[in-house]
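Letter by letter, the chains look like this.
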Amino acid sequence: MIMPRGQQLLLPAKPLFIVMSLFMALLMNMLENVGLLGNAAWMPDFLALVLLFWSVHQPQRVGIGWAFILGLACDVHQVSFLGQHALAYTVQGFLATLIHRRLLWFSVPSQALQVLPLFAISHAISMVLRMSLSGSLVGWSMFFAPMIEACLWPIVSVILLAPQRRAPDPDENRPL
Amino acid sequence: MPLGTLDRTPPPFFKQGATPLHKLIFFSCLSVLIMFCDVRWQITQPLRSLFSLALAPIQWMAQQPGFLSSRVEVFLQDKGDAQEEAAVFKKQLLDQSLQASQVDQLQLENKQLRSLLELKDRVQTTGQVAQVIYDAADPFTRKVILDKGSISGIHVSSPVMDEAGVVGQVTRVYPLISEATLIIDKNHSIPVLNNRTGARGVAFGESGGAPLLELRYMAANADIQENDILSTSGVDGVYPPGVPVAKVIKIERSADSMFARILCEPLGRAQGVRHLMVLEPVGKDLPARPEMEVVKTPSRSGGR
């Protein structure tokens, strides 16, 4: 793969780590719902964030199919209409495959700026579906969710790429 | 450089599967189809149950920090607080035991009077206690998830109440958990009776998003006052009659509207409550609904 100049060569991603990170994202979504904040509309969707991250970085492994399945799981947990998050994540996954070759040439902060519209579209799809199906509307606080998700993009980039940034030949000076 | 540094699998030039656009079209159509089945026909319950069972262990894990913190809270609680709380409960118990001892006598008397008047026996309901696992994350609705499901014998449309009054109604049952819609949900309505005047009405969840009820379709000159208590009327065949529902807090009468805008505060605590009572639906004992007479209306296009 052609890499941007001056970037570190990354180790191959481990499939188990990808699965675990998606699982942890789902768990964190549930945690912020069950334990912390209830059903506030501005809460960031960690699952959408991690899904987008992997569909940009590993498009061969995490694609639209995974987004669809995890969206259905999210719908069942949130007792929203079955298929609402599935559609939102599917569209988001498709847009991610459109920009994934271009996005990684930018620095991480400007990546965050470029994924903001994707999160916004994903949330807008959810909102439009709810409005048309049940006529209910939540306040403006819903527009904070994509912004928070975009702000979390650099943090997620550091955490999820950390295993791939390890030294290829660990010795006693560089154990990790 | 050691082996395994780079991803050495060759990129699949020829075997890439479906293109993203095809995948997008396929999965979008599938999710729209599922959504249509869910909203229009309500036939997706098996799919929901399947996902719910798969998610159950993850949900269990997500609950653990909350349980742990509440346990730590109990552990750190002051002895004085606990004694104070115990004293309050003891006083409540005394008050209630007096009422309870009278209830037996009243029930006997009521039964005799009813048999004297040849009325049907009052519907008796049984219930079981369930715990609230979490508030549903969907910000558009007001629902809670209970920790008992069809395995424990919960039925759809069972009323849910706490010690103060009606809280909601079970709307979906999974094997291990069930989902209850609160009475403050915008799409929920409950037939009520004004305890002071005996006037019947229907209370809906307030559409503005506040945790309130709205008593709709009451005439602007109807006899209703602030602090009136509304209780279930029992005409719906879901809720047992006489359970307190809400208290009227605000009445707005405007000249340009036929109806008064009446806001009520629910008596059952909807949020922050942990244990709820799930009652058996009373509808099974009621007579069947009479057949509706179909009124034929002339069709718009063919009439002219």
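Being a predicted model, the structure only gives us computed values, none of them experimental.

Cut-off values and rules
Residues numbered from 1 in each chain as written. Chains lettered and ligands numbered in written order. Predicted model: local features only at pLDDT ≥ 70, side-chain atom pairs only at ≥ 80, totals over all residues. Helix = DSSP H or I, 4+ residues; strand = E, 2+ residues; numbered from the N terminus. Buried ≥ 20, exposed ≤ 12 C-beta atoms within 10 Å, placed from the backbone. Contact = placed C-beta atoms within 7 Å. Nonpolar A, V, L, I, M, F, W, Y, C, P; charged D, E, K, R; others polar. Axes fitted to C-alpha atoms, helices over the stretch in contact; angles between N-to-C directions. Parallel < 35°, antiparallel > 145°, perpendicular 65-115°, else oblique. pLDDT = per-residue confidence, 0-100. Core = buried A, V, L, I, M, F, W, Y, C linked by C-beta atoms within 7 Å. Domains from an automatic or database assignment.

Peer 1: Looking at this structure, I do not really get the overall build of chain B. What am I missing?
Peer 2: A tally of regular secondary structure across chain B gives three helices and twelve strands. Split into buried and exposed, the 304 residues of chain B put 27% on the buried side. Look at the contacts in chain B between residues 6 or more apart in sequence, and 58% of them connect residues 24 or more apart.

Peer 1: In this structure, what is going on with the interface of chain B and chain A? I would like to understand it.
Peer 2: By a frequent convention, interface size equals the accessible area lost on bringing the separate parts together. Listed per partner, the contact involves 41 residues of chain B and 41 residues of chain A. Counting only elements with at least two residues in the side of chain B that touches chain A, the list comes to helix 1 (20–41), helix 2 (45–76) and strand 1 (127–135) of chain B. A per-class count over the side of chain B that touches chain A returns 23 nonpolar, nine polar and nine charged.

Peer 1: I would appreciate a short explanation of the packing of helix 3 (residues 64–78) of chain A against helix 2 of chain B in the present structure.
Peer 2: The packing of two helices is summarised by the inter-axis angle and the distance between the axes. Interaxial distance between helix 3 of chain A and helix 2 of chain B falls to 9 Å at its minimum, and their mutual angle equals 90 degrees. When the axis of helix 3 of chain A is compared with that of helix 2 of chain B, the two are roughly perpendicular. For the pair formed by helix 3 of chain A and helix 2 of chain B, the contact residues are A:Leu72, A:Ala73, A:Val76 and A:His77 on the first element and B:Arg48, B:Phe51, B:Ser52 and B:Leu55 on the second. Considered class by class, the residues forming the contact of helix 3 of chain A with helix 2 of chain B number five nonpolar, two polar and one charged.

Peer 1: Explain the confidence of the model for chain B to me, please; I cannot follow it from the model alone.
Peer 2: As a general rule, the predicted coordinates of low-pLDDT regions are not to be interpreted in detail. All names here are of chain B. Across chain B, the average pLDDT comes to 81, with 83% of residues at or above 70. The lowest-confidence element of chain B is helix 2, averaging 83 in pLDDT; the highest-confidence one is strand 5 (residues 178–182), averaging 90. This prediction of the complex comes with two scores: 0.77 for pTM and 0.83 for ipTM.

Peer 1: Before we go on, may I ask you to explain the nonpolar core in this structure?
Peer 2: Nonpolar side chains in soluble globular proteins tend to end up buried together. With 84 residues, the main nonpolar core has A:Leu47, A:Leu51, A:Leu52, B:Ala203 and B:Val245 as its most contacted residues. Sort the elements by how many residues they give to this core and helix 2 (residues 46–57) of chain A lands first, with ten residues. Shared between two domains, this core holds at least three residues of each, these being domain 1 (21–70) and domain 3 (126–283) of chain B. The residues contacting A:Leu52, other than those within four sequence positions of it, are A:Gln92, A:Ala96, A:Val115 and A:Leu118.

Peer 1: Got a minute to help me understand unusual backbone geometry in this structure?
Peer 2: Peptide bonds are, in most cases, trans, and in most cases residues other than glycine have a negative phi. Residue and element names in this part refer to chain B. Positive phi, normally seen in glycine, also occurs at Ser 157, with a value near 70 degrees. Checked against the element boundaries, Ser 157 lands in the loop between strand 2 (143–146) and strand 3 (159–161). With a phi angle near 70 degrees, Asn 227 is a residue other than glycine that sits in the positive phi range. Tracing the backbone through its elements, the reader meets Asn 227 in the loop between strand 8 (213–216) and strand 9 (229–232). Accessibility expressed as a C-beta count within 10 Å gives 8 for Asn 227, which makes it exposed.

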